[in-house]
Amino acid sequence: MGRVSSTTAMGEKVSWYCALFMAVMLVLSCCEEPSEREYRGTEEVLLLQKLMKKPCDEIYVVREGETLQTISEKCGDPFIVEENPHIHDPDDVFPGLVIKITPFNNR
């Protein structure tokens, strides 16, 4: 009863080393600084939208720091307020607000 086979002991040792390795990798990945690619993420999305000649989706979710003016310029829709009756005050735009976009060239 007291004797454990060598393969079982080796298996347990390997399991512990794998668990230790995974824990170290997890800690190292949490401590890593964001890469330059993550900083440029929004720039890349805007560039892809320009290349596709589709500036915005028909349903648009407002992001932090955006105004109706910047969205209108980016998406090519000067009539955002008229098309979205739920926007009562053009200055009261907040992140997460869902709006309908119809680019001017599609009219």
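Just above sits the structure.
Just so it is clear, the structure is predicted and the values come from calculations on it, not from any experiment.

**Q** I'd like a rundown of the overall build of the protein, residues and numbers included.
**A** Helix and strand content of the protein: five helices and two strands. Along the protein, helices (α) and strands (β) appear in the sequence α-α-α-β-α-α-β when read from the amino end. If you take every contact in the protein between residues at least 6 apart in sequence, the share linking residues at least 24 apart comes to 53%.

**Q** Can you tell me about the nonpolar core, naming the residues and giving the values?
**A** Within the largest apolar cluster, 12 residues are counted, these being Cys-56, Tyr-60, Val-62, Leu-68, Ile-71, Cys-75, Ile-80, Ile-87, Val-93, Leu-97, Ile-99 and Ile-101. Per-element accounting of this core gives the leading share, three residues, to helix H4 (residues 68–75). For Ile-101, the residues in contact, after removing those within four places along its chain, are Cys-56, Asp-57, Glu-58, Tyr-60, Ile-71, Cys-75, Asp-77, Ile-80 and Glu-83.

**Q** Report on the state of the cysteines, specifying residues and quantitative values.
**A** According to the stated counting rule, one finds one disulfide in the structure shown. Between Cys-56 and Cys-75 runs a disulfide, and the two sulfur atoms are separated by 1.8 Å. Its S-S torsion of about -75° marks the bond between Cys-56 and Cys-75 as left-handed, since a negative value means left-handed. Of this pair, Cys-56 sits in the loop between helix H3 (41–52) and strand E1 (59–61) while Cys-75 sits in helix H4, placing them 19 residues apart in sequence. For the pair Cys-56 and Cys-75, one class covers both residues: buried.

**Q** So what's going on with the pattern of salt bridges? Residues and values would help.
**A** Counting across every chain of the model gives two salt bridges. Across the pair Glu-66 and Arg-63 runs a salt bridge, and its minimum N-O distance is 3.9 Å. In this structure Arg-63 comes out as partly exposed when scored by relative accessible area, which is 41%. For Glu-66, the salt bridge is made with Lys-74, and the minimal N-O distance between the two is 2.9 Å. One continuous salt-bridge network, built from bridges that share partners, spans Arg-63, Glu-66 and Lys-74.

So, how was this worked out
- Residues numbered from 1 in each chain as written.
- Predicted model: local features only at pLDDT ≥ 70, side-chain atom pairs only at ≥ 80, totals over all residues.
- Heavy atoms only, no water.
- Helix = DSSP H or I, 4+ residues; strand = E, 2+ residues; numbered from the N terminus.
- Contact = heavy atoms within 4.5 Å.
- Core = buried A, V, L, I, M, F, W, Y, C linked by side-chain atoms within 4.5 Å.
- Buried < 20%, exposed > 50% of the residue type's maximum accessible area, 1.4 Å probe, protein only.
- Disulfide = S-S within 2.5 Å.
- Salt bridge = Lys/Arg side-chain N within 4 Å of Asp/Glu carboxyl O.

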